[in-house]
Amino acid sequence: MDPTQIMEACQQHIANTYGRQPVVLTRGEGCRVWDAAGRSYLDFVAGIAVVGLGHCHPKVTAAITAQAQRLVHTSNLYYTEPQVELAALLTRHSFADRVFFCNSGAEANEAAIKLARKWAKAHRGPDCYEIITMEHSFHGRTLATVTATGQAKYQQGFEPLMPGFRYAPFNDLRALEAALAPQTCAIMVEPIQGEGGVNVPAPDYLKGVRGLCDRRGLLLILDEVQTGLGRTGRLFAHEHFGITPDIMTLAKSIANGLPLGAMLATDAAASAFTPGSHASTFGGNPVACAAGVVVLKQLLEEGLLEHSRKMGEYFLGRLQELRGRHSLVRDVRGKGLMLGLELEVEAKTVVARALERGFLVNNCTDHVLRFVPPLVVTEAEVDALVAALDAIFLDLPRPVPTPAGPARA
Ligand SMILES: *Cc1c(COP(=O)(O)O)cnc(C)c1O
């Protein structure tokens, strides 16, 4: 099929749930992807914070290939080494004692919600089940996780939503405390909101949330599906804030593009799960876990975490310069290589123009461009994007000044 035929067949045969950019991607290497016509693009989307090691990282490809030649799948009724090796790496380098593997962020959050309810039934009583989540949060698209997601636009039409959730404004401890009720069993929060607009809380906010959980006997669930695994310059974003959760969810970049999710928990929380409590046919698949082991080793042993931290600082500095030059940039924010640019203009206009110039970028809200490149991104690649954005912003029609004189009828 030629690219036009592929796009037409997609319109015809694929469920209409995505607005897609008009490009058919066929190949990737590092921070670069190629389309069917052989044109290349620098990728600042990276599958939405998924391809952390860059496209087709040779060590990931080798691990996938080797595992695919040995054993692609077996049930969790049996043991496999890649799954155990990845779990050991995750627990050794985090607060957690135990890992439950699944296949996506939403599934990891489902597991966290189920664990919190089960734990509360055992430790707090039969009527304790409610989970507080934040306004502008994003936790996934299953019915429970879309209910946990504090944004009406994702929920409309899917009612009735799941009972047992309540929302509080993000980054507001007083409002959070006011939202607590006798039936509250957990607070679930992203350390930095991703889809909600790259929102970074005050430095002491998560410490306050942790304290509230401790005083009220609640579990703290951190959704690090987007922020985890080096994205913010630390292995996990909560390390910036000096706290640990009881439960944490990971997915996106954990296997550099293969479907894998994980729910990590302390023994105290995880002990609420016993054989039969929860399950996943594909969860912890050996091929995905073999890729995950490479991801963890690159971050921890091959200096990728340091590189991500340095590049995040460099990128942030360059975006701040851009803000200084263009009044249409309202705000620059984020941590590490999870950065956002809030604009006066519609961000999707900039997304389309960047594509024309050979850059993949995406907007998480109407006015916020979000940059989550592979963690291996270089200064030269950041410079190229910043130069393109500079040119795009100069080209955009200036907002028309309000004409002087009497208002027109
Ligand atoms: C992407 C995302 C999810 C959902 O992950 P899926 O793999 O799409 O189900 C959940 N939480 C956060 C914070 C995310 O960014």
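Residues numbered from 1 in each chain as written. Predicted model: local features only at pLDDT ≥ 70, side-chain atom pairs only at ≥ 80, totals over all residues. Heavy atoms only, no water.

1. What to know about the pairing of strand β1 (residues 25-29)
Step number 1: Where β1 and strand β2 (residues 32-35) come together, four bridges link them in antiparallel fashion. Residue pairing for β2: Glu29 is matched across the bridge by Arg32.
Step number 2: Between β1 and β2, which follow one another and run antiparallel, lie two residues, and Gly30 among them has a positive phi close to 60°. (Pairing = 2+ DSSP bridges. Helix = DSSP H or I, 4+ residues; strand = E, 2+ residues; numbered from the N terminus.)

2. Looking at the sheet that holds strand β6 (residues 165-168)
Step number 1: Strand order in the open sheet made by the seven strands is β4-β10-β9-β8-β7-β5-β6, with mixed pairing throughout. Since the sheet does not close on itself, it has two edges, and those belong to β4 (98-102) and β6, each with one partner. Ignoring which end each strand starts from, the neighbouring axes of this sheet average 20° apart.
Step number 2: Taken together, the three bridges between strand β8 (residues 219-223) and strand β9 (residues 247-250) define a ladder with parallel strand orientation. Bridge pairing links Asp223 to Thr249 in β9.
Step number 3: Together, β4, β9 and β10 (261-265) form the strand contacts of helix α4 (residues 81-92), whose direction differs from that of β4 by roughly 130°. (Axes fitted to C-alpha atoms, helices over the stretch in contact; angles between N-to-C directions. Contact = heavy atoms within 4.5 Å.)

3. Quick notes on the packing of helix α13 (residues 347-356) against helix α14 (residues 379-395)
Step number 1: With their axes 10 Å apart at the nearest point, α13 and α14 run at an angle of 125° to one another. Between α13 and α14, the crossing angle belongs to the class labelled oblique. Crossing angle aside, the handedness with which α13 passes α14 is right-handed. Contacts between α13 and α14 pair Val350, Arg353 and Ala354 from the former with Leu389, Ile392, Phe393 and Asp395 from the latter. (Parallel < 35°, antiparallel > 145°, perpendicular 65-115°, else oblique. Left-handed = near helix turned anticlockwise from the far one by under 90°.)

4. So, the site of the ligand
Step number 1: For the ligand, the full set of nearby residues is Ser104, Gly105, Ala106, Asn109, Phe138, His139, Gly140, Glu190, Asp223, Val225, Gln226 and Lys252.
Step number 2: Contacts to the ligand include Asp223, whose side-chain N or O atom sits 2.7 Å from a nitrogen atom.
Step number 3: A distance of 2.8 Å separates an oxygen atom of the ligand from a polar atom in the side chain of Gln226.
Step number 4: When the ligand is considered free in solution it has 380 Å² of accessible area, and contact with the protein chains removes 81% of it.
Step number 5: Per-class residue counts for the shell around the ligand are three nonpolar, six polar and three charged. (Near = heavy atom within 4 Å. Polar contact = N/O pair within 3.5 Å; in protein donor to acceptor, adjacent residues only side chain to side chain. Areas by Shrake-Rupley, 256 points an atom, 1.4 Å probe, with all protein chains shown as cover. Nonpolar A, V, L, I, M, F, W, Y, C, P; charged D, E, K, R; others polar.)

5. A short note on empty space enclosed by the protein
Step number 1: According to the stated counting rule, one finds two cavities of 30 Å³ or more in the structure shown.
Step number 2: Each pocket or cavity is described by its volume, and for the largest cavity that value is around 50 Å³.
Step number 3: Lining of the largest cavity is provided by 13 residues; of these, Thr74, Asn76, Gln83, Gly283 and Gly284 occupy positions nearest its centre.
Step number 4: Classifying every residue of the lining of the largest cavity by side-chain character gives three nonpolar, ten polar and no charged.
Step number 5: Approximately 30 Å³ is the volume found for the second largest cavity.
Step number 6: Around the second largest cavity sit Gly52, Leu53, Leu229, Ser253, Asn256, Val295, Leu299, Leu304 and Leu375, which together line it.
Step number 7: Class assignment for the residues of the lining of the second largest cavity results in six nonpolar, three polar and no charged. (1 Å grid on protein atoms, 1.4 Å probe; cavity = no way out; pocket = protein on both sides within 12 Å on 5 of 7 lines; lining within 4 Å. Points joined across faces, edges and corners; volume = space filled by probe spheres on them.)

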